[in-house]
Each structure stands twice: as C-alpha cells, then as structure tokens.
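A look at the structure
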Amino acid sequence: MKKLFTALCITGALTLAAGAADVGTIGNSFPGDTEAQAQMLYDLGLFRGTEQGFALEKPMTRAEAAVMLTRLLGAEQAALVENRQHPFGDVPQWAAPYVGWLYQNGLTRGVSDAAYGADENVTCVQYCTFLARAAADGDDYRPVLSLGETEVTACDRAGFVRGDAVSLSARLLGAYYTKGEDASGVTVAQKLIDKGVFTKEQLKAAAWDVLPRSYARQSLHGADDNDYRLSCVIAGVPVVRGEQSEAVVLYTDKALNGLYGESQQDGQYVLYQIDPETVRLTALGAYAEGSAAGLVGRAGQTDYLWLHDSADGRTTLYAVRGSAMQAKLELPADASVGSWQGKNGCVLQSGGAFYRLGEDEVLPLAIAAGEELFAVTEGGLLVTQNVGREQTTVSAWRWDGEAAGSYTVYNDYIVPAEQQAYGEQLLLHYAPRLTGSDQAYLYGGAGLYREQDGLLVQVSAQPAYAYAADETDGSIVIITHDAGRRVEYTESAVSFLTGDTLARVSADGTVTRLLPTLSAGSLLLGQIEDARDGAVRFTLLKATEPRMMGRFRCTLRDGRVTVDSASDDILYIWGENAVYKEQERLGGLGLGA
C-alpha cells in the first residue's frame, strides 16, 4: 500500500543559541546576534573594535572599511609588509597600507582620481561592492551575498553602521568564492582556511553558536573530493567529520532537541540519533526495508517523530527523550501528517484530527474536522480557518482548547459571466483565506490579525497581502484590493495573490484608501518596504520574461507616486529610460509626482 507522509510545517531553527538583539538594518537570521557575529569575526582575526568596544551602532568611514575589508580577506600582514602605493591625498597614515593594498588589487577605487573619500561614511552599496570584488569578479553583490536591492536601500536610508558591516561580513563567509574563475566550489570561509588565516577548528569554536549549522554528507573540499562522510557544516566548511557516510539526516532545519538520521542498508531501515558535536550515530531502532520516518516537533525535552513500518503497514507517533523511544499514538493509514511548532509544544494534524503534543502526554484537541490549522502564534494561540464557498471563519484557541476569538469574512468575489458554469468551484477557489504569518501578524485575503492579551484580534477585514507598520502614528499600511476583485500574478510557474491599491489602517481600525480607484489591471503591487513619516515605499510588478516579474521601486507621498528605480530585467528589456516611461504611465493614471 502506497503511503504519503509529509511534515507540512514546523517553524523554528536548529536548537542553537537564539540571537538576543541585532544592531543595524541588515539582518541575517543567524543563531547569534550582531554582537555575537562581531565577536566571532574578532576571534577569527577578521575584525577589531574601537576604544569603546565594537561600537556597532556607529557609522564606518571609508578608511575604516578599507581596514576591515583587508582583515576580512586575511591580508592584513601582506598589506602592512608590502605598503603598496595609492594615488589618493586624503588617506591618513594608519589606513594607507590597507587602501594601497586594496587599490593595487583592484578592490577599491576613490571618489575621484586624487581623493579616496577617507573620512566619508561608507554606504551599504559601497561596502557590498567591496565584498563582491573580494569574492567574485565584478561589482554585482546581490548573488554573492544573497542580498536584495530592498534590503540595501533600506539600510542606506537608515544609515549604514558598523553592525551592518559585521552582518554582511559574517554572511560573506558562507558565500562561494568564484574570483578569477575559481571553480574549486569552496566558500570564502574555506578559502581563508586554505590561506592559513584561521583553521577549521578555530572556525568551529568561534562560529558554533553564531552561524547556522547543517548536517549533511559533504565532501571535504569541493567537487574533487569523493569522501562524502556525514559532517557538521558551518559556512560551507565541514568542521566535524563523522566516521560513517551511510546516514542521511532528517530535516536538519527543523527545531528539535536532537538530530536524527536514517539509512537503508543490508535490507534494513535504521533510525539514528546523531551527536551534534561529534556526528557519531546511535541506532534507535532497525525496521523492515522500505520503512520511513519523519520529524513532527518538540515539547520541552521531548521530540516527536512518526515512523511507518513497512512490515505491518502501521504508522506510529513516537516520543523520543534522550535515547529512549516510546510509542504514543497510531496514526490513520494513508493520511498526511501536518505539524505546527509553538512555544508550549507541538500540534499535530492527521486524518482530520488534531492532537496537542506535550512533554509527557498526547491529547486530542476539540477542533472540528472542517477546520484547517493555519499557524501557532508566538504566544501559543492555535489559529484555524474554515474556508467555505460563501464565507471564511478565522478562529483561535488557547493551548488548553479554550476559544480565543473568531471572525467571519464573506466571499464577495463576483464570478464572471463566461465562468458561471464553474461558479460553485470558483467561489470555493476564490474564497478569502489567510496566506502568510510572521511573529507580529497573520494576513491574507481573509484580513489582517494579531495576537493581543491572549486573544486573536482582527485588525482589518480588508484583504491584506503585505503590510508595514508606521511607528510614527501606530497605523498599518496594507496592500489590498476592492471588494469583488481578485488580483494575482504568476512568477516561476507559481501563482501569488496580491492587491492593486494601498490602504492605511489606523489604530482605531479606520481604513483610508491611499490610491484612487483605477481600472482592473492598472497596478500590480508586490511588497511594502516601509511606511513612515508620511511616505510609503513599495514595489510595482511588471511582467518581463515569460512567468517572471520585474519590479519598480516606488514612493507614495501625498497621493503621488514617484518611481525611484527598476530591477535589471526591466532595464534590460525596456531600456535605461524604463523608469521615466513608468513615471509617465502613472502620470496618465493621475498618480505621477
């Protein structure tokens, strides 16, 4: 019997030290915060502080950036010994060897032929360009640093600080080194190890609770090494090598107390527990060939896994504590397994039934079979939605099963005349529903919601496909659309719902439209970058290549839209005057600044 078991959603990361605070605009979502990343770079000899410590909140001059970049490349000694010349007359003596080394190696240029701009504050764009030149050929930093223009622009708008430089430098360690058409397939961190700047042991010690760790069968040094042992990998470097290679790690990006692996060998399926520091394997059990397992979540010191035994066709939920496995629940045959991780434990959905997984018990939840569990909030509320043809009900439940708020949103979509024959199916397909959530809000066609004082609160029943909080007045700006409309686009063969106007939701719930009503198809909105000081910065979508979307970055102020820039694909297809043409089009719609 063919069985399908998929873990649909487990939030969280590996059980590492969570970052407490970040400094600057650039965020890495690494286990260690900006201060920890700065300490890691310091321990590796790549970063030094000031007389006041790391001073991560301070701006960085171009001279200071030259020193940091040289250290980050492991070239400080070479720069000091060689003391290469440069043509700039404004570089202080302490920075001259660094600027000279970078200049002679083609990694930096001046603001003019005779001036370096040493005392000017470096911008995010400039620092990212420095890093791109260090790791790859050319100035395009986006693929090198997995960085979007929105992130860079927001950083430069807020003011680039030393903390941003630290975050970007930490991110660079895991980027692939391709400079000079290097095809070795190694990261910048591995390249620095090869150069003797630090050792893999030093990287492990400095980055263990700072950079993300993954566990995989990985070669030691790029594609030329065929020794694929199970390893702990940090920044692309196997810092710990196991003795065995047969195990494949189960879902290493999920939040559990332990690490687990599996193998199919010698006619058996073996489930392992993996020691994170030594990568040693301990067998938890051996089962019939063709068996399978998956991770569900955690509750306190207990991990939960499902295991399908092909010998008897049963699928069982197991609790794992230490190295002991205990069967807790037999799951329905041929049913998918969905799970959601919360701070109080995990919620399991299988065969239409819901279960609360605690540290010592598995209890059924009195949630109706028609409900779809959408998310577990930061505070532990279980949020469900019941999507029907005419209405969608969004509800919340506390961990003990007590109701914590319920809201009904009606389906106002008007089925076009040419599609009337499919009316019932279309109404269900187009019904409003939640589609996204983060630590602050839940949002989608069913409105915008947040958790407050242990209850689910509806901020607005208006569709909200993206949002930005305006701290100046406590309002929230959303991407939405008028009643009866449905706005969607396709990118990379995936369909996304979005809106065609912006609205501001005030603190008292009043909704104010920020753009006039336009004919369908006039605007296609992507994301809201930020909303503050009376301005909203957002992106407009424009189809470029088949199934792809280009983006205009725009600013809305006083009802007028200014097109600030365009993505490369738009400029490539429509030319360097694409921004002007789009501004002209918006002017024709009565929106142009």
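Note on numbering: residues in each chain are counted from 1, in written sequence order. Owing to the predicted nature of the model, reporting of local features is limited to residues with pLDDT of at least 70; listing and counting of side-chain atom pairs is limited to 80 or more, with chain, interface and lining totals taken over all residues. Calculated side-chain values reflect all of the structure's heavy atoms, with hydrogen atoms and water omitted.

**Quick word on the overall build of the protein**
In terms of helices and strands, the protein carries 13 helices and 33 strands. For a compact globule the rule gives 2.2 Å times the number of residues to the power 0.38, and the radius of gyration it is set against comes from C-alpha atoms. What you see for the protein is a C-alpha radius of gyration of 27 Å, in line with the 25 Å of a compact globule of 593 residues. By its C-alpha atoms, the protein is 75 × 70 × 45 Å across when sized along the principal axes. Only protein chains enter the calculation, and the probe is 1.4 Å; a residue is then buried if its accessible area is under 20% of its type maximum, exposed if over 50%, and partly exposed in between. Put simply, the protein has 593 residues, and 49% of those count as buried. Carbon and sulfur atoms make up 48% of the accessible area of the protein, which amounts to about 27,100 Å² in all. Charged side chains in the protein number 48 positive and 75 negative. The centres of these two groups are separated by 1 Å. Only DSSP runs of H or I with at least four residues qualify as helices, and only runs of E with at least two residues qualify as strands; both kinds are numbered from the N terminus onward. Accessible surface is estimated by sampling points in the Shrake-Rupley manner with a 1.4 Å probe; for residues, cover comes only from the protein chains shown. For the purpose of counting charges, residues Lys and Arg are taken to be positive, whereas Asp and Glu are taken to be negative. His and the chain ends are not included. The atoms used to mark charge sites are NZ of Lys, CZ of Arg, CG of Asp and CD of Glu.

**Quick notes on the pattern of salt bridges**
Whenever a carboxyl oxygen of Asp or Glu lies within 4 Å of a side-chain nitrogen of Lys or Arg, that contact is scored as a salt bridge. Tallied over the full model, the rule gives 23 salt bridges. Note that Arg84 and Glu82 form a salt bridge whose closest N and O atoms lie 2.7 Å from each other. Residue class for Arg84 comes out partly exposed when judged on its relative accessible area of 30%. Its relative accessible area of 40% is what places Glu82 among the partly exposed residues. Each of Arg48, Arg71 and Glu76 takes part in one network of salt bridges that share partners.

**What about the nonpolar core?**
One finds Met40, Tyr127 and Leu168 to be the most contacted residues of the largest nonpolar core, which totals 82 residues. Of all the elements, helix 5 (residues 124-135) adds the most residues to this core, at eight residues. Look past the residues within four positions of Met40 in its chain and what remains in contact with it is Ala170, Leu173, Ala206, Ala207, Val210 and Leu211. Core analysis: the second largest hydrophobic core is formed by 26 residues, Leu502, Leu525, Leu540 and Leu591 among them. Side-chain atoms within 4.5 Å link the members of a nonpolar core, which is a set of buried Ala, Val, Leu, Ile, Met, Phe, Trp, Tyr and Cys residues. Whether two residues are in contact is decided by their heavy atoms, any of which lying within 4.5 Å being enough.

**Focus: the packing of helix 2 (residues 62-72) against helix 8 (residues 162-172)**
Interaxial angle, 0 to 180 degrees, is taken between N-to-C directions of lines fitted to C-alpha atoms, where a helix line uses only the stretch in contact. Where helix 2 meets helix 8, the axes come as close as 12 Å, and the angle between the chain directions of the two elements is 20°. As far as their axial angle goes, helix 8 and helix 2 are roughly parallel. Note on packing geometry: the crossing formed by helix 2 with helix 8 is right-handed. Of the residues in helix 8, those touching helix 2 at Glu64, Met68 and Leu72 are Arg162, Ala165, Val166, Ser169 and Leu172. Residues of the contact of helix 2 with helix 8, tallied by class, amount to five nonpolar, one polar and two charged. In what follows, roughly perpendicular refers to angles from 65 to 115 degrees, roughly parallel to angles under 35, roughly antiparallel to angles over 145, and oblique to any angle outside these ranges. Take the far helix as your reference; a near helix turned counterclockwise from it by less than a right angle gives a left-handed crossing, and one turned clockwise gives a right-handed crossing. Only Asp, Glu, Lys and Arg are considered charged in this grouping, and only Ala, Val, Leu, Ile, Met, Phe, Trp, Tyr, Cys and Pro are considered nonpolar; every other residue, Gly among them, is considered polar.

**A few points about the pairing of strand 28 (residues 501-505)**
A regular strand places its side chains on the two faces of the sheet in alternate fashion. Of all five residues that make up strand 28, five are buried, and the element is covered over most of its length. Residues Thr501, Ala503 and Val505 of strand 28 are buried on one face, and the alternating residues Leu502 and Arg504, pointing to the opposite face, are buried as well. Pairing between strands is defined by DSSP: at least two bridges between the two strands are required. In terms of strand pairing, strand 25 (residues 475-480) meets strand 28 through five bridges, oriented antiparallel. In the sheet register, Ile479 faces strand 28, and the bridge partner there is Leu502. Hairpin connection between strand 28 and strand 29 (residues 511-513): a loop of five residues separates the two successive antiparallel strands, and Gly509 in this loop has a positive phi of roughly 95°.

**Description of the environment of Ala154**
With respect to the helices and strands, the residue Ala154 is situated in helix 7 (residues 149-158). Residues Ala154 and Asp530, 376 residues apart in the sequence, show an inter-C-alpha distance of 8.3 Å.

**Points about the sheet that holds strand 12 (residues 337-342)**
Spatial strand order, 12-13-14-15: four strands in an open sheet with antiparallel pairing. Both outer strands of the open sheet, strand 12 and strand 15 (362-365), are each paired with one neighbouring strand and no more. Strand-to-strand twist in this sheet, taken as the mean axis angle between neighbours without regard to direction, amounts to 25°. Where strand 14 (residues 353-357) and strand 15 come together, four bridges link them in antiparallel fashion. Within strand 15, the residue paired with Leu357 across the bridge is Val362.

**Remarks on helix 2**
Across the eleven residues of helix 2, ten count as buried, placing the element largely inside the fold. Residues of helix 2 that are buried make contact with helix 1 (34-43), helix 3 (76-82), helix 4 (96-104), helix 5, helix 8 and helix 9 (188-194). Just beyond helix 2, the residue with positive phi is Gly74, at close to 70°.

**A closer look at the packing of helix 2 against helix 4**
Contact pair helix 2 / helix 4: the axes reach a minimum separation of 9 Å and the direction vectors enclose 65°. Judged by the twist between their axes, the crossing of helix 2 over helix 4 is left-handed. Seen from helix 2, the contacting residues are Ala66, Val67, Leu69, Thr70 and Arg71; seen from helix 4, they are Tyr98, Val99, Trp101 and Leu102.

**Side note on the sheet that holds strand 29**
If you walk across this open sheet you meet the four strands as 24-25-28-29, and the pairing is antiparallel. Each edge of the sheet is formed by a strand with only one pairing partner; in this case those strands are strand 24 (466-470) and strand 29. Looking at each pair of strands side by side, their axes are set apart by 25° on average, direction ignored. As paired strands, strand 28 and strand 29 are joined by three bridges and run antiparallel to one another. Across the sheet, the residue bridging to Arg504 is Thr512, located in strand 29.

**Describing the side chain of Arg213**
One can find Arg213 in strand 1 (residues 213-218). When its relative accessible area of 11% is taken as the criterion, Arg213 is described as buried. Pairing of N or O atoms within 3.5 Å defines a polar contact, subject to two protein rules: one partner must be a possible hydrogen donor and the other a possible acceptor, and residues neighboring in sequence count only if both atoms are side-chain atoms. From its side chain, Arg213 meets the backbone oxygen of Trp208 in a polar contact 2.9 Å long. A polar contact is formed between the side chain of Arg213 and the side chain of Tyr215, at a distance of 3.2 Å.

**A look at the side chain of Ser395**
Here Ser395 is to be found in strand 18 (residues 391-397). Overall, Ser395 belongs to the buried group, its relative accessible area being 7%. When residues no more than four places from it in sequence are discounted, the contact partners of Ser395 are Leu382, Val383, Thr384, Gly405, Ser406 and Leu456.

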